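Single-letter residue listing:
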Amino acid sequence: MSELDPVIDFDMVADDWVYHGEGNGSILFAYTGEDPQMQNQLLRLVKREVTPNSSATDSTSSSDTLSEKDEQKSMAKLGEGLLYTNIIGSLLGDAYILPQRVIRVSVSFIHNLNAAALPIRPAHRTHKEADPRQAFGVVIADMVGSGRPDNGLSQNNNNKRDNFVSVEIKPKWGFLPKSSCISQETSVKRRVCRYCMHQHLKHGPEMASGFCPLDLYSGNVKRMGRALDCLVSSPQNNLRVFVNGDIVGATSDGGLDTDRVPQWTMLRQQVIDILQTDGILRKLAHLQSQLDHLDVEGIFPLYKRAVANGEMDKHQPTINEWLNACSRFKTRQSARMLNESVSGIDDRQAILEFMLSVTLKDISILIQIKPWPQNASTSLPICDSNDEDSRRLSGYRMVVIDTDAKKLAKLPEYFEKDQEIVKHYLENNPDPLEQRPCIE
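Now for a description of the structure that goes with this document. (Residues numbered from 1 in each chain as written. Predicted model: local features only at pLDDT ≥ 70, side-chain atom pairs only at ≥ 80, totals over all residues. Heavy atoms only, no water.)

## Describing the overall build of the protein chain
Using the following cut-off: Numbering of helices and strands starts at the N terminus; helices are DSSP runs of H or I of at least 4 residues and strands are runs of E of at least 2. Burial classes follow relative accessibility: with a 1.4 Å probe on protein chains only, a residue under 20% of its type's maximum area counts as buried, one over 50% as exposed, and anything between as partly exposed. Residues count as neighbours in contact if any of their non-hydrogen atoms are within 4.5 Å of one another. A 1.4 Å probe and the Shrake-Rupley method give the accessible areas. Residues count as covered only by the protein chains that appear here.
A tally of helices and strands in the protein chain yields 13 helices and 12 strands. Across the 440 residues that make up the protein chain, the buried fraction comes to 48%. Of all intrachain contacts in the protein chain linking residues separated by at least 6 positions in sequence, the fraction that spans at least 24 positions is 75%. Accessible area of the protein chain: about 21500 Å², with a carbon and sulfur share of 49%.

Okay, structure coming up:
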């Protein structure tokens with residue numbers, strides 16, 4: 001975990017890459033060229049804010065490459081991000097992390113990608129762009145088939161094309177907080193989950209999604225089905241279904257708007273079977289709750305005290321600090337499993353564990369389902385054996401994405417948002433009898 005693989009030597013041509021998607025901190029491009037080394041691969045680049053001076057700043061140097069000092073900074077920053085992802089993998093399981101390879105990119109290459117992508121990017125994302133000042137990007141496997149030859153279709157034994165299906169779910173919080181640090185005024189958090197209350201703030205009670213993350217985490221087939229039905233009807237940023245690289249939406253009757261996969265009820269059952277077989281949701285909910293055992297109401301006073309006493313500054317922790325925090329957490333968890341005594345933890349450790357939980361509450365699960373035969377009338381078999389590793393790879397592949405570290409300096413904002421969500425919910429639902437409880 002302490003070293004990165006050698007940098008890939010590859011001729012990067014902007015015309016061979018097309019816009020794939022993006023999050024708040026990074027943007028993805030899919031390879032469409034003909035070199036086998038890059039086929040079915042995605043390029044991930046870090047984003048920056050677009051300002052009136054962005055282009056002027058970039059043009060101050062005529063060089064298409066960065067200085068050696070800037071390259072070293074770029075590699076150091078990239079390396080910290082990759083190693084943090086590996087830390088998340090050490091908590092959830094390394095099999096859930098896609099292999100990541102570092103590749104060199106140039107200033108002009110990134111400028112050309114930005115120009116080509118701008119017309120097709122979502123308008124609310126265009127205040128940021130791929131940062132031309134990075135010397136390296138990250139190459140990962142394309143799990144949705146957007147850059148595949150033959151439009152992402154695979155050929156079966158009957159010489160017919162099979163459909164490439166992937167499902168991306170952002171499950172959010174999988175637990176109700178039970179911390180004694182939660183005040184009486186905000187005790188509703190112990191009964192109504194964060195996501196359901198946040199929906200009232202974001203969309204109002206009339207437009208709020210019926211999706212409750214605790215239904216998805218429950219392991220109960222009926223509740224999981226209800227959760228997925230709510231997501232396909234109102235996906236927001238919590239569900240995306242890809243067929244051959246294209247995002248497909250819902251129809252008015254709750255199905256999928258495509259004739260390339262079987263009806264939604266079949267795909268929904270496939271996803272439920274996979275999630276139950278794999279067990280990732282149980283592990284995710286456990287880690288979230290154990291890392292966030294004080295709630296933000298308990299963490300924020302510790303953060304203020306640590307900053308005031310000089311024990312912690314507002315700068316982002318180093319990778320060694322994350323590693324140490326993760327190691328101490330796992331040691332404590334092992335002691336609990338062996339019924340050994342567990343000592344208390346210091347403020348800094350509690351804060352870093354909370355920040356790890358913030359990442360885990362915002363990751364996405366990406367399920368790549370074995371190519372789905374055309375005109376299939378039954379669901380695909382999930383398992384070809386009883387072995388856990390081969391079971392994961394036989395009928396599907398599952399990974400987690402969106403594993404970036406969250407900014408420690410934003411912790412006060414997390415507290416303020418928490419209080420705003422609860423306050424708004426209670427103002428609009430003052431009667432406890434009208435507050436629909438969420439069930440773990």
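## Some words on the environment of E80
Mapping E80 onto the fold places it in helix 2 (residues 68-92). Note: C-alpha distance between E80 and D404 (324 residues apart in sequence) is 10.0 Å. Setting aside residues no more than four positions away along its own chain, E80 makes contact with P317, T318 and I319.

## Describing the side chain of D295
Applicable threshold: Whenever two N or O atoms come within 3.5 Å, that pair is a polar contact, provided that in protein one can donate a hydrogen and the other can accept it, and provided that, for residues adjacent in sequence, both atoms are side-chain atoms.
Along the chain, the position of D295 falls in helix 9 (residues 295-308). At 3.1 Å, the side chain of D295 and the backbone nitrogen of E297 are in polar contact. If we ignore the near neighbours within four places in the chain, the residues touching D295 are P177, S179, I182 and K189.

## Thoughts on the packing of helix 9 against helix 11 (residues 347-360)
Any two packed helices are characterised by how steeply their axes cross, that is the angle between the axes, and by the distance between the axes. Just so we agree on the cut-off: Fitted lines through C-alpha atoms serve as axes, helices being fitted only where they are in contact, and the angles separating the N-to-C directions of these axes extend from 0 to 180 degrees. When an angle is under 35 degrees it counts as roughly parallel; over 145 it counts as roughly antiparallel; between 65 and 115 it counts as roughly perpendicular; any other value is oblique. Less than a right angle of anticlockwise turn of the near helix away from the far helix marks a crossing as left-handed, whereas a clockwise turn marks it as right-handed. Residue classes follow a fixed rule: Ala, Val, Leu, Ile, Met, Phe, Trp, Tyr, Cys and Pro count as nonpolar, while Asp, Glu, Lys and Arg count as charged, and any other residue, Gly among them, counts as polar.
Between helix 9 and helix 11, the shortest axis-to-axis distance is 9 Å and the interhelical angle comes to 130°. As summarised for this structure, helix 9 and helix 11 are arranged oblique, according to the angle between their axes. Seen along the crossing, helix 9 lies across helix 11 with a hand that is left-handed. Within the contact between the two elements, helix 9 uses V296, I299, L302, Y303, R305 and A306 and helix 11 uses D347, A350, I351 and F354. Along the lines of polarity and charge, the residues of the contact of helix 9 with helix 11 split into eight nonpolar, no polar and two charged.

## Some remarks on the pattern of salt bridges
Put simply, the test is: One side-chain nitrogen of Lys or Arg within 4 Å of one carboxyl oxygen of Asp or Glu is enough to make a salt bridge.
Applying the stated rule across the entire model yields 24 salt bridges. Residue R240 is joined to E168 by a salt bridge in which the shortest nitrogen-to-oxygen separation is 2.9 Å. Taken together, the positions of R240 in strand 9 (residues 239-243) and E168 in strand 8 (residues 161-169) put the pair 72 residues apart, joining distant regions of the chain. A relative accessible area of 29% means that R240 is categorised as partly exposed. Note on E168: relative accessible area 11%, which makes it buried. Its salt-bridge partner being R332, residue E353 comes within 2.7 Å of it at the nearest N-O pair. Highlighted residues: E353 in helix 11 and R332 in helix 10 (residues 319-337), separated in sequence by 21 residues. Just as E353 is buried, R332 falls in that class too. Each of K170, K172, D362, D402 and K406 takes part in a single network of salt bridges with overlapping partners.

## A few points about the environment of D273
The residue D273 is located in helix 7 (residues 264-278) in this model. Using a relative accessible area of 25% as the deciding quantity, one classes D273 as partly exposed. Measuring from C-alpha to C-alpha, the distance between D273 and G219 comes to 9.9 Å, with 54 residues separating the pair along the chain.

## Observations concerning empty space enclosed by the protein
Taking a probe equal in size to a water molecule and rolling it over the atoms shows the remaining empty space. Note the following rule: Here a cavity denotes a set of grid points, spaced 1 Å apart and computed over the protein atoms alone, in which a 1.4 Å probe fits but from which it cannot get out, and a pocket denotes an open set meeting protein on both sides within 12 Å along at least five of seven lines; residues with an atom within 4 Å of a point are reported as lining. Grid points are joined across faces, edges and corners, and a volume is the space filled by probe spheres set on the points.
Under the criterion given, the structure shown has two cavities of 30 Å³ or more. Space inside the largest cavity adds up to approximately 50 Å³. If you trace the largest cavity, you find it lined by W173, P177, K189, V192, C193, R194, M197, D418, I421 and V422. Counting only elements with at least two residues in the lining of the largest cavity, the list comes to helix 4 (194-207) and helix 13 (411-428). Counting residues per element, the lining of the largest cavity draws most heavily on helix 13, at three residues. Of the residues contributing to the lining of the largest cavity, the split by class is seven nonpolar, no polar and three charged.

## Comments concerning the packing of aromatic side chains
Just so we agree on the cut-off: Two rings from Phe, Tyr or Trp (for Trp, the six-membered ring) form a pair when their centres sit within 6.5 Å of each other. Planes less than 30 degrees apart are called stacked, planes more than 60 degrees apart edge-to-face, and all others tilted.
Under the definition given, this model contains seven aromatic pairs. Taken together, a centroid distance of 6.4 Å and an interplanar angle of 75° make the contact between Y19 and F29 edge-to-face. Here Y19 is found in strand 1 (residues 17-22), whereas its partner F29 is found in strand 2 (residues 26-31), with 10 residues between them in sequence. The two residues Y19 and F29 agree in class, both being buried. Within the aromatic cluster, the residues linked to one another by ring pairs are F10, W17 and Y31.

## A word on the nonpolar core
Soluble globular proteins: nonpolar side chains tend toward being buried together. Rule in force here: The nonpolar core is taken to be a set of buried Ala, Val, Leu, Ile, Met, Phe, Trp, Tyr and Cys residues, with the residues joined through side-chain atoms within 4.5 Å.
Ranked by internal contacts, the top residues of the largest apolar core, which has 78 residues, are L92, I169, L275, I351, I367, M398 and L411. Counting residues per element, this core draws most heavily on helix 11, at eight residues. With sequence-adjacent residues up to four places away left out, L411 is seen in contact with I299, F300, Y303, I351, F354 and M355. In terms of nonpolar packing, the next biggest core, distinct from the first, is built from 20 residues, I8, Y19, L113 and A130 among them.

## A closer look at helix 4
Short version of the rule: In this analysis, the expected span of each helix is defined as 1.5 Å times one less than the number of residues it contains. The angle between axes fitted to the seven-residue stretch ending at a residue and the seven-residue stretch beginning at it gives the bend at that residue.
Helix length check: helix 4 (14 residues) gives 17 Å between terminal C-alpha atoms against 20 Å at 1.5 Å per residue, more than 12% under. Where helix 4 bends most, the angle comes to about 90°, and this point is L201, followed within four residues by the proline P205. Elements that come into contact with the buried residues of helix 4 comprise helix 5 (213-217) and helix 13.

## As for the pairing of strand 6 (residues 136-141)
Each regular strand displays side chains that alternate between the two surfaces of the sheet. How we decide: Only strands that DSSP links by at least two bridges are regarded as paired with each other.
In terms of residue burial, strand 6 counts as a mostly covered element, since five of its six residues are buried. Where strand 3 (residues 41-49) lies against strand 6, four bridges are found, and the strand directions are antiparallel. Residue Q41 lies in a different strand from strand 6, and its bridge partner there is A141. Bridge count between strand 4 (residues 101-104) and strand 6: four bridges; the pairing is antiparallel. Opposite V102, over in strand 6, you have V138 as the bridge partner.

Just distances and angles here, no functional claims.
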